Amino acid sequence: MELNRRTVIAGAAAAGVAASALGTGTAQAATSGGGKKPVKELFGTLADGSKVYRWSLENGGTRLKVLSWGGVVQSLELPDRHGKYANVSLGFDNIADYVAKTPYFGALIGRYGNRIAKGQFTLDGKSYQLSVNDGVNSLHGGTQGFDKHIWDVEGFTSGSDVGLHLYYTSVDGEMGYPGTLKVKVTYTLNKHGDWRIDYEATTDKATVVNLTSHVYWNLAGEGSGTIEHHELTIPASRYTPTDSGLIPTGELAKVSATPFDFRKTKPIGRDIRAGHVQQVQAKGYDHNWALDKGITAKPEHAATLHDPHSGRTLKIASDQPGLQFYTGNFLDGTLTGTGGHTYRQGDALCLETQHFPDSPNHANFPSTVLRPGQTYKTSTIHTFSS
Ligand code: BGC
(Lines give C-alpha, C1' and ligand atoms only; values in the text may rest on other atoms or scores of the structure.)
Protein backbone atom coordinates (compact mmCIF):
# COMPACT_ATOMS: atom_id res chain seq x y z
CA MET A 1 0.00 0.00 0.00
CA GLU A 2 1.23 3.47 -0.80
CA LEU A 3 0.86 5.94 2.04
CA ASN A 4 0.84 9.59 1.25
CA ARG A 5 3.35 11.94 2.85
CA ARG A 6 0.97 13.47 5.39
CA THR A 7 -0.07 10.06 6.73
CA VAL A 8 3.53 8.94 7.18
CA ILE A 9 4.64 12.02 9.07
CA ALA A 10 1.53 12.14 11.22
CA GLY A 11 2.10 8.44 11.96
CA ALA A 12 5.69 9.04 13.05
CA ALA A 13 4.61 11.92 15.29
CA ALA A 14 1.80 9.86 16.79
CA ALA A 15 4.25 7.06 17.52
CA GLY A 16 6.17 9.59 19.62
CA VAL A 17 9.31 9.45 17.48
CA ALA A 18 11.48 12.38 18.51
CA ALA A 19 12.86 14.64 15.79
CA SER A 20 16.40 13.96 16.99
CA ALA A 21 15.89 10.21 16.69
CA LEU A 22 14.66 10.62 13.15
CA GLY A 23 17.51 12.80 12.01
CA THR A 24 21.27 12.56 11.80
CA GLY A 25 22.48 15.72 13.44
CA THR A 26 20.46 18.88 12.87
CA ALA A 27 17.82 20.03 15.25
CA GLN A 28 14.85 20.52 12.98
CA ALA A 29 11.50 19.18 14.02
CA ALA A 30 9.57 16.93 11.65
CA THR A 31 6.77 18.91 10.04
CA SER A 32 4.33 18.46 7.24
CA GLY A 33 4.50 21.37 4.82
CA GLY A 34 6.42 23.63 7.19
CA GLY A 35 8.04 26.13 4.83
CA LYS A 36 10.74 26.63 7.49
CA LYS A 37 13.78 28.76 6.68
CA PRO A 38 16.85 26.79 5.53
CA VAL A 39 19.52 26.55 8.23
CA LYS A 40 23.17 27.24 7.42
CA GLU A 41 26.14 25.82 9.34
CA LEU A 42 29.86 25.50 8.79
CA PHE A 43 30.72 22.09 7.28
CA GLY A 44 34.47 22.40 6.80
CA THR A 45 37.41 24.47 5.66
CA LEU A 46 39.45 23.95 2.50
CA ALA A 47 43.27 23.95 2.46
CA ASP A 48 43.26 27.59 1.26
CA GLY A 49 41.08 28.63 4.22
CA SER A 50 37.78 28.92 2.27
CA LYS A 51 34.75 27.89 4.24
CA VAL A 52 32.27 25.30 3.04
CA TYR A 53 28.75 25.58 4.42
CA ARG A 54 25.99 23.05 4.77
CA TRP A 55 22.37 24.07 4.35
CA SER A 56 19.58 22.01 5.88
CA LEU A 57 16.11 22.13 4.36
CA GLU A 58 13.01 20.33 5.42
CA ASN A 59 9.52 20.31 3.99
CA GLY A 60 6.65 17.88 3.53
CA GLY A 61 8.59 15.07 5.20
CA THR A 62 11.78 15.35 3.09
CA ARG A 63 15.05 16.48 4.65
CA LEU A 64 17.80 17.71 2.40
CA LYS A 65 21.34 18.77 3.31
CA VAL A 66 23.31 20.63 0.69
CA LEU A 67 26.91 21.81 0.62
CA SER A 68 28.15 25.03 -0.93
CA TRP A 69 30.93 22.79 -2.34
CA GLY A 70 29.63 21.59 -5.72
CA GLY A 71 26.00 22.04 -4.64
CA VAL A 72 26.44 18.55 -3.21
CA VAL A 73 23.42 16.77 -1.75
CA GLN A 74 25.23 15.49 1.33
CA SER A 75 22.17 13.79 2.76
CA LEU A 76 18.57 13.23 1.71
CA GLU A 77 16.35 11.67 4.33
CA LEU A 78 13.02 10.05 3.59
CA PRO A 79 10.55 8.08 5.69
CA ASP A 80 9.83 4.45 4.92
CA ARG A 81 6.32 3.00 4.96
CA HIS A 82 6.43 2.98 8.79
CA GLY A 83 7.64 6.59 9.04
CA LYS A 84 11.21 5.59 9.85
CA TYR A 85 13.78 7.87 8.24
CA ALA A 86 16.92 6.91 6.34
CA ASN A 87 19.44 8.86 4.32
CA VAL A 88 18.96 7.53 0.77
CA SER A 89 21.91 9.31 -0.86
CA LEU A 90 25.57 8.28 -0.70
CA GLY A 91 28.01 10.84 0.68
CA PHE A 92 30.75 11.69 3.17
CA ASP A 93 30.63 13.28 6.61
CA ASN A 94 33.64 15.56 5.99
CA ILE A 95 34.85 18.01 3.36
CA ALA A 96 38.32 16.45 2.99
CA ASP A 97 36.87 13.28 1.47
CA TYR A 98 34.71 15.29 -0.93
CA VAL A 99 37.78 17.21 -2.10
CA ALA A 100 40.10 14.20 -2.32
CA LYS A 101 38.11 11.25 -3.54
CA THR A 102 34.45 11.72 -4.32
CA PRO A 103 33.08 9.97 -7.41
CA TYR A 104 30.71 12.94 -7.79
CA PHE A 105 28.53 11.94 -4.78
CA GLY A 106 25.41 14.16 -4.85
CA ALA A 107 27.12 16.86 -6.92
CA LEU A 108 26.00 19.35 -9.54
CA ILE A 109 27.75 18.45 -12.77
CA GLY A 110 28.89 20.86 -15.48
CA ARG A 111 29.76 22.40 -17.81
CA TYR A 112 29.06 19.18 -19.67
CA GLY A 113 27.65 16.20 -17.78
CA ASN A 114 28.95 12.83 -19.01
CA ARG A 115 31.65 12.26 -21.64
CA ILE A 116 33.04 14.18 -24.59
CA ALA A 117 35.29 12.02 -26.78
CA LYS A 118 38.96 12.94 -26.47
CA GLY A 119 37.74 16.18 -24.86
CA GLN A 120 37.37 17.65 -28.34
CA PHE A 121 34.64 19.29 -30.33
CA THR A 122 34.19 21.84 -33.09
CA LEU A 123 31.72 24.69 -32.89
CA ASP A 124 31.17 27.30 -35.61
CA GLY A 125 34.33 26.06 -37.34
CA LYS A 126 36.54 26.44 -34.26
CA SER A 127 38.06 23.42 -32.49
CA TYR A 128 38.25 23.21 -28.74
CA GLN A 129 40.37 20.98 -26.49
CA LEU A 130 38.82 20.35 -23.08
CA SER A 131 40.41 19.10 -19.90
CA VAL A 132 40.72 15.31 -20.13
CA ASN A 133 40.18 13.26 -16.95
CA ASP A 134 38.81 9.84 -17.95
CA GLY A 135 41.44 8.08 -20.01
CA VAL A 136 41.55 10.10 -23.22
CA ASN A 137 38.06 11.52 -22.67
CA SER A 138 36.56 14.41 -20.73
CA LEU A 139 34.07 13.38 -18.03
CA HIS A 140 31.67 15.63 -16.11
CA GLY A 141 33.35 18.90 -17.08
CA GLY A 142 37.03 17.89 -16.71
CA THR A 143 39.51 17.81 -13.84
CA GLN A 144 37.83 20.73 -12.07
CA GLY A 145 34.20 20.55 -13.06
CA PHE A 146 31.40 22.49 -11.38
CA ASP A 147 31.36 19.85 -8.63
CA LYS A 148 34.81 21.01 -7.47
CA HIS A 149 34.05 24.66 -6.79
CA ILE A 150 32.40 26.62 -4.02
CA TRP A 151 29.02 27.97 -5.16
CA ASP A 152 27.32 31.08 -3.76
CA VAL A 153 24.24 29.88 -1.95
CA GLU A 154 21.15 31.77 -0.75
CA GLY A 155 18.37 30.17 1.25
CA PHE A 156 14.76 31.17 0.61
CA THR A 157 11.18 30.49 1.57
CA SER A 158 8.37 31.26 -0.85
CA GLY A 159 4.79 30.49 0.17
CA SER A 160 4.94 26.91 1.39
CA ASP A 161 8.18 26.17 -0.53
CA VAL A 162 11.69 26.22 0.91
CA GLY A 163 14.83 26.18 -1.14
CA LEU A 164 18.25 27.33 -2.17
CA HIS A 165 19.56 29.38 -5.05
CA LEU A 166 23.07 28.30 -6.03
CA TYR A 167 25.25 30.44 -8.29
CA TYR A 168 28.47 29.68 -10.11
CA THR A 169 30.25 31.58 -12.88
CA SER A 170 32.53 29.55 -15.10
CA VAL A 171 34.92 31.90 -16.85
CA ASP A 172 35.74 31.83 -20.57
CA GLY A 173 38.30 29.08 -21.19
CA GLU A 174 37.76 27.25 -17.89
CA MET A 175 38.42 23.55 -18.52
CA GLY A 176 38.78 24.52 -22.20
CA TYR A 177 35.15 25.60 -22.73
CA PRO A 178 34.43 28.79 -24.66
CA GLY A 179 32.41 31.62 -23.12
CA THR A 180 31.78 32.83 -19.61
CA LEU A 181 28.83 30.80 -18.39
CA LYS A 182 26.68 32.21 -15.58
CA VAL A 183 24.83 29.39 -13.87
CA LYS A 184 21.95 29.49 -11.42
CA VAL A 185 20.55 26.31 -9.95
CA THR A 186 17.51 26.30 -7.66
CA TYR A 187 16.71 23.45 -5.31
CA THR A 188 13.12 23.59 -4.04
CA LEU A 189 11.30 21.38 -1.54
CA ASN A 190 7.54 21.83 -1.73
CA LYS A 191 4.96 21.04 0.94
CA HIS A 192 4.59 17.49 -0.42
CA GLY A 193 8.32 16.88 0.03
CA ASP A 194 9.05 16.88 -3.73
CA TRP A 195 12.55 18.01 -4.63
CA ARG A 196 12.76 20.12 -7.77
CA ILE A 197 15.93 21.25 -9.53
CA ASP A 198 15.79 24.19 -11.92
CA TYR A 199 18.93 24.89 -13.93
CA GLU A 200 19.56 28.14 -15.79
CA ALA A 201 22.60 29.41 -17.67
CA THR A 202 23.63 32.19 -20.03
CA THR A 203 26.83 32.65 -22.00
CA ASP A 204 28.71 35.47 -23.74
CA LYS A 205 30.12 33.19 -26.51
CA ALA A 206 28.69 30.12 -28.21
CA THR A 207 29.38 27.08 -26.01
CA VAL A 208 27.99 23.66 -25.09
CA VAL A 209 26.11 23.00 -21.85
CA ASN A 210 24.70 19.88 -20.21
CA LEU A 211 24.01 20.22 -16.49
CA THR A 212 22.86 17.42 -14.22
CA SER A 213 22.77 16.13 -10.67
CA HIS A 214 24.79 13.12 -9.55
CA VAL A 215 22.91 11.74 -6.55
CA TYR A 216 23.74 8.10 -5.80
CA TRP A 217 20.42 6.59 -4.69
CA ASN A 218 19.88 3.69 -2.34
CA LEU A 219 16.25 3.86 -1.24
CA ALA A 220 16.90 1.31 1.52
CA GLY A 221 19.44 3.73 3.04
CA GLU A 222 23.05 4.53 2.16
CA GLY A 223 25.46 1.85 3.30
CA SER A 224 22.73 -0.82 3.45
CA GLY A 225 24.11 -2.92 0.58
CA THR A 226 23.10 -3.64 -2.97
CA ILE A 227 20.41 -1.88 -5.00
CA GLU A 228 19.87 -4.94 -7.19
CA HIS A 229 16.44 -5.60 -5.64
CA HIS A 230 15.27 -2.03 -6.40
CA GLU A 231 12.66 -2.03 -9.16
CA LEU A 232 13.20 0.36 -12.02
CA THR A 233 11.09 1.67 -14.87
CA ILE A 234 12.53 3.75 -17.73
CA PRO A 235 10.10 4.77 -20.49
CA ALA A 236 12.63 4.47 -23.31
CA SER A 237 12.61 2.20 -26.38
CA ARG A 238 16.18 3.10 -27.31
CA TYR A 239 19.52 3.67 -25.70
CA THR A 240 22.91 4.86 -26.92
CA PRO A 241 25.44 1.98 -27.04
CA THR A 242 29.04 2.95 -26.37
CA ASP A 243 32.58 1.97 -27.25
CA SER A 244 34.91 0.61 -24.58
CA GLY A 245 35.63 4.15 -23.36
CA LEU A 246 31.87 4.62 -22.77
CA ILE A 247 31.58 7.07 -25.66
CA PRO A 248 28.34 6.63 -27.67
CA THR A 249 28.86 5.05 -31.08
CA GLY A 250 26.09 7.32 -32.41
CA GLU A 251 23.64 4.47 -32.81
CA LEU A 252 20.20 4.63 -31.15
CA ALA A 253 19.72 0.94 -30.48
CA LYS A 254 16.44 -0.75 -29.58
CA VAL A 255 16.13 -1.97 -25.98
CA SER A 256 13.67 -4.72 -26.94
CA ALA A 257 14.97 -8.24 -26.27
CA THR A 258 18.02 -6.85 -24.42
CA PRO A 259 18.83 -6.34 -20.71
CA PHE A 260 18.35 -2.62 -21.41
CA ASP A 261 14.58 -2.93 -21.59
CA PHE A 262 13.14 -1.26 -18.47
CA ARG A 263 9.86 -0.23 -20.13
CA LYS A 264 8.14 -2.77 -17.92
CA THR A 265 9.21 -2.46 -14.31
CA LYS A 266 11.85 -5.00 -13.29
CA PRO A 267 14.37 -5.48 -10.49
CA ILE A 268 17.74 -4.01 -11.47
CA GLY A 269 19.46 -7.30 -10.67
CA ARG A 270 17.28 -9.40 -12.97
CA ASP A 271 19.35 -8.94 -16.13
CA ILE A 272 22.47 -7.24 -14.79
CA ARG A 273 24.53 -10.42 -15.30
CA ALA A 274 23.10 -11.22 -18.74
CA GLY A 275 26.52 -10.86 -20.33
CA HIS A 276 25.43 -8.43 -23.05
CA VAL A 277 28.59 -6.98 -24.57
CA GLN A 278 27.48 -3.46 -23.57
CA GLN A 279 27.15 -4.51 -19.94
CA VAL A 280 30.45 -6.36 -19.88
CA GLN A 281 32.19 -3.30 -21.25
CA ALA A 282 30.59 -0.98 -18.67
CA LYS A 283 30.78 -3.46 -15.74
CA GLY A 284 27.00 -3.19 -15.39
CA TYR A 285 24.63 -0.49 -16.51
CA ASP A 286 26.28 2.82 -17.37
CA HIS A 287 24.33 4.05 -20.37
CA ASN A 288 22.15 6.80 -21.67
CA TRP A 289 18.51 5.93 -22.37
CA ALA A 290 16.83 7.99 -25.09
CA LEU A 291 13.53 8.74 -23.40
CA ASP A 292 10.50 8.12 -25.64
CA LYS A 293 9.04 11.50 -24.66
CA GLY A 294 12.09 13.34 -26.09
CA ILE A 295 12.64 16.98 -25.16
CA THR A 296 9.48 18.33 -23.55
CA ALA A 297 8.33 21.82 -22.60
CA LYS A 298 7.63 20.64 -19.04
CA PRO A 299 9.12 17.81 -16.97
CA GLU A 300 7.59 14.44 -17.87
CA HIS A 301 8.11 10.94 -16.55
CA ALA A 302 11.73 9.79 -16.95
CA ALA A 303 12.11 7.01 -14.36
CA THR A 304 10.50 5.31 -11.38
CA LEU A 305 12.58 3.59 -8.72
CA HIS A 306 11.04 1.52 -5.94
CA ASP A 307 12.50 -0.34 -2.99
CA PRO A 308 10.05 -3.10 -2.03
CA HIS A 309 11.54 -3.54 1.47
CA SER A 310 11.21 0.04 2.74
CA GLY A 311 8.34 0.94 0.43
CA ARG A 312 10.16 4.09 -0.69
CA THR A 313 9.47 5.19 -4.25
CA LEU A 314 11.21 7.88 -6.27
CA LYS A 315 9.65 9.23 -9.46
CA ILE A 316 11.75 11.43 -11.70
CA ALA A 317 10.28 13.83 -14.23
CA SER A 318 12.45 15.80 -16.63
CA ASP A 319 12.24 17.93 -19.75
CA GLN A 320 15.53 16.49 -21.03
CA PRO A 321 15.81 13.86 -23.80
CA GLY A 322 18.16 11.45 -21.98
CA LEU A 323 18.71 9.60 -18.75
CA GLN A 324 22.04 8.09 -17.66
CA PHE A 325 21.42 5.02 -15.52
CA TYR A 326 24.62 4.02 -13.72
CA THR A 327 24.80 1.14 -11.24
CA GLY A 328 27.77 2.37 -9.20
CA ASN A 329 30.07 0.01 -11.12
CA PHE A 330 33.22 1.77 -10.01
CA LEU A 331 32.47 1.71 -6.27
CA ASP A 332 35.12 -0.72 -5.06
CA GLY A 333 34.94 -0.84 -1.27
CA THR A 334 37.56 1.85 -0.70
CA LEU A 335 35.24 4.71 0.28
CA THR A 336 33.59 5.00 3.68
CA GLY A 337 30.33 6.92 3.65
CA THR A 338 28.29 9.09 6.00
CA GLY A 339 27.00 6.21 8.08
CA GLY A 340 30.42 4.59 8.52
CA HIS A 341 29.92 1.80 5.97
CA THR A 342 32.12 1.18 2.95
CA TYR A 343 30.51 1.41 -0.46
CA ARG A 344 30.89 -1.52 -2.85
CA GLN A 345 29.95 -2.09 -6.48
CA GLY A 346 26.18 -1.83 -6.92
CA ASP A 347 25.53 -0.21 -3.53
CA ALA A 348 23.79 2.72 -5.26
CA LEU A 349 22.59 3.93 -8.62
CA CYS A 350 22.49 7.23 -10.43
CA LEU A 351 19.67 8.49 -12.64
CA GLU A 352 21.07 11.54 -14.38
CA THR A 353 18.63 13.57 -16.47
CA GLN A 354 20.61 14.95 -19.37
CA HIS A 355 21.30 15.49 -23.04
CA PHE A 356 23.04 12.53 -24.67
CA PRO A 357 26.74 12.00 -23.92
CA ASP A 358 29.18 13.37 -26.50
CA SER A 359 26.39 15.29 -28.27
CA PRO A 360 28.81 17.94 -29.59
CA ASN A 361 30.33 15.20 -31.79
CA HIS A 362 27.08 13.61 -33.01
CA ALA A 363 24.97 15.60 -35.47
CA ASN A 364 22.09 13.10 -35.05
CA PHE A 365 21.80 13.82 -31.27
CA PRO A 366 19.79 16.81 -29.98
CA SER A 367 21.97 19.91 -29.82
CA THR A 368 23.64 21.11 -26.61
CA VAL A 369 24.81 24.42 -28.06
CA LEU A 370 24.01 27.60 -26.12
CA ARG A 371 24.48 30.98 -27.77
CA PRO A 372 24.65 34.52 -26.38
CA GLY A 373 21.14 35.89 -25.89
CA GLN A 374 19.69 32.43 -25.21
CA THR A 375 18.95 31.05 -21.75
CA TYR A 376 19.61 27.41 -21.01
CA LYS A 377 16.71 26.19 -18.86
CA THR A 378 15.92 22.72 -17.65
CA SER A 379 14.08 21.19 -14.70
CA THR A 380 14.01 17.84 -12.93
CA ILE A 381 11.41 16.91 -10.33
CA HIS A 382 11.87 14.13 -7.78
CA THR A 383 8.65 12.92 -6.17
CA PHE A 384 8.86 10.65 -3.15
CA SER A 385 6.32 8.35 -1.56
CA SER A 386 6.34 5.35 0.76
C1 BGC B 1 29.17 7.94 -15.42
C2 BGC B 1 30.11 6.84 -15.02
C3 BGC B 1 31.15 7.40 -14.14
C4 BGC B 1 30.50 8.02 -12.95
C5 BGC B 1 31.51 8.64 -12.06
C6 BGC B 1 28.58 8.51 -14.19
O7 BGC B 1 27.75 9.58 -14.53
O8 BGC B 1 28.18 7.48 -16.28
O9 BGC B 1 30.71 6.26 -16.15
O10 BGC B 1 32.07 6.44 -13.73
O11 BGC B 1 29.59 8.99 -13.37
O12 BGC B 1 31.10 8.61 -10.80
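Residues numbered from 1 in each chain as written. Predicted model: local features only at pLDDT ≥ 70, side-chain atom pairs only at ≥ 80, totals over all residues. Heavy atoms only, no water.

Topic: the sheet that holds strand β13 (residues 181–189)
Logical step 1: One open sheet accounts for 9 strands, arranged β11-β12-β13-β14-β29-β23-β22-β17-β20; its pairing is antiparallel. Because the sheet does not close on itself, it has two edges, and the strands there are β11 (152–158) and β20 (266–267).
Logical step 2: Bridge count between strand β22 (residues 300–306) and strand β23 (residues 313–318): 6 bridges; the pairing is antiparallel. From the neighbouring strand, H301 faces β23, where its bridge partner is A317. (Pairing = 2+ DSSP bridges. Helix = DSSP H or I, 4+ residues; strand = E, 2+ residues; numbered from the N terminus.)

Observations concerning the layout of surface pockets
Logical step 1: The volume enclosed by the largest pocket comes to roughly 300 Å³.
Logical step 2: Lining the largest pocket are 17 residues, and of these P103, Y104, Y216, Y326 and F330 sit closest to its centre.
Logical step 3: Residue composition of the lining of the largest pocket, grouped by class: 8 nonpolar, 5 polar and 4 charged.
Logical step 4: Surrounding the second largest pocket, 16 residues form its lining, Q320, H355, S367, Y376 and K377 being those nearest its centre. (1 Å grid on protein atoms, 1.4 Å probe; cavity = no way out; pocket = protein on both sides within 12 Å on 5 of 7 lines; lining within 4 Å. Points joined across faces, edges and corners; volume = space filled by probe spheres on them. Nonpolar A, V, L, I, M, F, W, Y, C, P; charged D, E, K, R; others polar.)

Let's talk about the environment of H306
Logical step 1: Take H306: it is sitting in strand β22.
Logical step 2: Those residues within four positions of H306 in sequence are excluded, and the remaining contacts are L219, H230, E231, G311, R312 and T313.
Logical step 3: A polar side-chain atom of H306 sits 3.5 Å from the main-chain carbonyl oxygen of R312. (Contact = heavy atoms within 4.5 Å. Polar contact = N/O pair within 3.5 Å; in protein donor to acceptor, adjacent residues only side chain to side chain.)

Structural notes on the packing of aromatic side chains
Logical step 1: For the structure shown, the criterion picks out 24 aromatic pairs.
Logical step 2: Taken together, a centroid distance of 6.1 Å and an interplanar angle of 55 degrees make the contact between W217 and F384 tilted. Of this pair, W217 sits in the loop between β16 (212–214) and β17 (231–233) while F384 sits in strand β29 (residues 376–385), placing them 167 residues apart in sequence. By the burial criterion, W217 is buried, and F384 matches it.
Logical step 3: A ring pair is formed by F260 and Y285, whose centres lie 5.6 Å apart and whose planes are at 90 degrees; its orientation type is edge-to-face. With F260 in the loop between β19 (253–254) and β20 and Y285 in the loop between α4 (277–282) and β21 (286–290), this residue pair connects regions lying 25 residues apart in the sequence.
Logical step 4: An aromatic cluster is present here, built from F43, F92, Y98, F105, Y216, Y326, F330 and Y343 joined pairwise through their rings.
Logical step 5: Looking at K40, its charged tip hangs above the ring of Y53, at a distance of 4.3 Å from the centre.
Logical step 6: The ring of F262 carries the charged tip of K266 above its face, separated from the ring centre by 4.4 Å. (Phe/Tyr/Trp six-rings, centres within 6.5 Å; stacked < 30°, edge-to-face > 60°. Buried < 20%, exposed > 50% of the residue type's maximum accessible area, 1.4 Å probe, protein only. Lys NZ or Arg CZ within 6 Å of the ring centre and 35° of its normal.)

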